[in-house]
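# Coordinate analysis (summary)
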Amino acid sequence: KWENNDITSTLFGLVRDNDVDSFKSIVQSTPHYVHMRSKDGRGPMWWAHEHGRKEIVSLLKSAGVSEKLRDKDGITPLELNEDEF
């Protein structure tokens, strides 16, 4: 179920602020959080690409998050950035 909640808000803030250490800690303690998505179908991988957070993208890929999933509008994380990761 895609929904906005405290967890997605926290994850978004960590990605936006490029707080890699805190993001890594959350991923290690609650690995399923990396697959959570907000109401628009986007989650940490979309946000990391949108904000150019290469280290977080790498963490997410290592945790098994795909860059090929689509949000509610059919957009993949890879479509949100100009740089290649």
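Given the structure is predicted, the values throughout are model-derived calculations rather than measurements. (Residues numbered from 1 in each chain as written. Predicted model: local features only at pLDDT ≥ 70, side-chain atom pairs only at ≥ 80, totals over all residues. Heavy atoms only, no water.)

Structurally, R53 is set in the loop between α3 (44–50) and α4 (54–62). In this structure, R53 is buried with no salt-bridge partner, the nearest side chain bearing the opposite charge being D17 at 6.4 Å. Within the local environment of R53, its side chain forms a polar contact with the backbone oxygen of V15, the two atoms lying 3.0 Å apart. (Helix = DSSP H or I, 4+ residues; strand = E, 2+ residues; numbered from the N terminus. Buried < 20%, exposed > 50% of the residue type's maximum accessible area, 1.4 Å probe, protein only. Lys, Arg positive; Asp, Glu negative; His and termini not counted. Salt bridge = Lys/Arg side-chain N within 4 Å of Asp/Glu carboxyl O. Polar contact = N/O pair within 3.5 Å; in protein donor to acceptor, adjacent residues only side chain to side chain.)

Of the positions making up helix α2 (residues 20–29), those classed as buried are V20, F23 and V27. Along the axis of α2, the buried positions cluster into a sector of 65°, meaning they face one direction only. Summarising the geometry of α2, the exposed residues directed more than 90 degrees from the buried face are D21, Q28 and S29. Packed against the buried residues of α2 are α1 (6–16), α3 and α4. (Arc of directions from axis to C-beta. Contact = heavy atoms within 4.5 Å.)

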